[in-house]
Amino acid sequence: MNTFPEVESELKRKRIMAEMDAIRLEEEAVKGKTLLDKSLAQLGRWMIASGEKLRKQHRPLQESRATKLANKVA
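Residues numbered from 1 in each chain as written. Predicted model: local features only at pLDDT ≥ 70, side-chain atom pairs only at ≥ 80, totals over all residues. Heavy atoms only, no water.

## Considering the overall build of the protein chain
Part 1: Within the protein chain one finds 2 helices and 0 strands.
Part 2: Buried residues in the protein chain amount to 3% of all 74 residues.
Part 3: With the model as given, the accessible surface of the protein chain reaches about 7,300 Å², and the carbon-plus-sulfur share is 62%. (Helix = DSSP H or I, 4+ residues; strand = E, 2+ residues; numbered from the N terminus. Buried < 20%, exposed > 50% of the residue type's maximum accessible area, 1.4 Å probe, protein only. Areas by Shrake-Rupley, 256 points an atom, 1.4 Å probe, with all protein chains shown as cover.)

## Let's talk about the pattern of salt bridges
Part 1: For the structure on display, the rule yields 2 salt bridges.
Part 2: E10 is the partner of R13 in a salt bridge, and the nearest nitrogen-oxygen pair spans 2.8 Å. Remark: E10 and R13 occur in helix α1 (residues 5-30); sequence separation between them is 3 residues, near one turn of the helix.
Part 3: Relative accessible area serves as the criterion here: at 43%, R13 is assigned to the partly exposed category. (Salt bridge = Lys/Arg side-chain N within 4 Å of Asp/Glu carboxyl O.)

## Digging into a nonpolar patch on the surface
Part 1: Judged by side-chain polarity, L36, L40, L43, W46 and M47 come together as a nonpolar surface patch covering roughly 550 Å² of accessible area.
Part 2: Here W46 lies in helix α2 (residues 35-73). (Patch = residues over 30% accessible without salt bridge, like charges linked within 9 Å, V, L, I, M, F, W, Y side chains within 5 Å.)

Set out below in structure tokens:
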């Protein structure tokens, strides 16, 4: 799909702005003023790390099942 350079640059700008907002929110959460803010930030980081670890563990299983099914059909 061909897109105009202006459209692509606008999409990239929006993506960069979203990343900057996410970084600002993360920094604000880390600098939390209360114990609750700091605890929630730590919980969020742990949940993300755990989810990524689970995704890595189960991705090969899903791919191998799909491969077996594709080979079975072929």
